[in-house]
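One-letter residues, chain by chain:
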Amino acid sequence: QVQLVESGGGLVQPGGSLKLSCAASGNIFPYYIMGWYRQAPGKQRDLVARIFNSDSTNYAHSVKGRFTISRDNAKNTVYLQMNSLKPEDTAVYYCNAHRNPSTDYWGKGTLVTVSS
């Protein structure tokens, strides 16, 4: 079983920055695609960013140029650096580990609130 624990959420003003962390149980990165998803109240859970075993990344259009996903293999940790935050970024952010074709593990989420 894979365990994922997010941290780093909180309240930030528009235009500010936060860095989220996702600590994984062991060295899972050779076997899983890691991603960040978010879910706002009344909305579906949407992909924010993914990082692949090759270190290739992709991003939702709404965050491209503002958010950066990265990982530290030695620490078994994935990060999401969020800059130029907007009120519409307010959501619970979830860490995800995916392995084809149908295996997914999720963290419990961390709340990000962007408000003045």
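Heads up: the structure comes first, above all this text.
Read on for an overview of the structure. Not measured: the values here are computed from a predicted model.

### Some details on the pattern of salt bridges
Here is step 1: Tallied over the full model, the rule gives 3 salt bridges.
Here is step 2: Between Arg38 and Asp89 there is a salt bridge, with the nearest N and O atoms lying 2.9 Å from each other. Placement of the pair is Arg38 in strand 4 (residues 33-39) and Asp89 in the loop between strand 8 (77-82) and strand 9 (91-99), with a sequence separation of 51 residues.
Here is step 3: Judged by its relative accessible area of 14%, Arg38 is buried.
Here is step 4: Using a relative accessible area of 0% as the deciding quantity, one classes Asp89 as buried.
Here is step 5: The shortest N-O distance in the salt bridge between Asp55 and Arg71 comes to 2.6 Å.

### Some details on unusual backbone geometry
Here is step 1: Note that the residue after Asn100, namely Pro101, is joined by a cis bond; omega there is 0 degrees.
Here is step 2: Within the secondary structure, Pro101 sits in the loop between strand 9 and strand 10 (103-106).
Here is step 3: One non-glycine residue, Asp55, lies in the positive phi region at around 75 degrees.
Here is step 4: Residue placement: Asp55 occurs in the loop between strand 5 (46-51) and strand 6 (57-59).
Here is step 5: Here Asn76, not a glycine, exhibits a phi torsion of approximately 50 degrees, which is positive.
Here is step 6: With respect to the helices and strands, Asn76 occurs in the loop between strand 7 (67-72) and strand 8.
Here is step 7: According to the relative accessible area criterion, Asn76 is buried, its value standing at 16%.

### Considerations on the packing of aromatic side chains
For any pair of aromatic rings, the description consists of the separation of the ring centres together with the inter-plane angle of the planes.
Here is step 1: Scanning the model with the defined rule gives 2 aromatic pairs in all.
Here is step 2: Ring geometry for Tyr32 against Tyr105: centres 6.0 Å apart, planes inclined by 70 degrees, an arrangement best described as edge-to-face. In this pair, Tyr32 sits in the loop between strand 3 (18-24) and strand 4 while Tyr105 sits in strand 10, placing the two residues 73 residues apart along the sequence. An identical accessibility class is assigned to Tyr32 and Tyr105; each is buried.
Here is step 3: Measuring from ring centre to ring centre gives 5.1 Å for Tyr37 and Trp106, while their planes differ by 70 degrees; the resulting arrangement is edge-to-face.

About the criteria used
- As a convention, each chain's residues are numbered from 1 in the sequence order in which they are written.
- Where local features are concerned, this predicted model is filtered to residues with pLDDT of at least 70; where side-chain atom pairs are given and counted, the filter is 80 or more; whole-chain, interface and lining totals use all residues.
- The side-chain quantities take in all heavy atoms of the structure and omit both hydrogens and water.
- The term salt bridge refers to a side-chain nitrogen of Lys or Arg lying within 4 Å of a carboxyl oxygen of Asp or Glu.
- Numbering of helices and strands starts at the N terminus; helices are DSSP runs of H or I of at least 4 residues and strands are runs of E of at least 2.
- Accessible area is worked out with a 1.4 Å probe on protein chains only. A residue is then buried under 20% of its type maximum, exposed over 50%, and partly exposed in between.
- Aromatic contacts are taken between Phe, Tyr and Trp rings whose centres are within 6.5 Å, Trp giving its six-membered ring; a plane angle under 30 degrees counts as stacked, one over 60 as edge-to-face, and the others as tilted.

None of this, on its own, says anything about what the molecule does.
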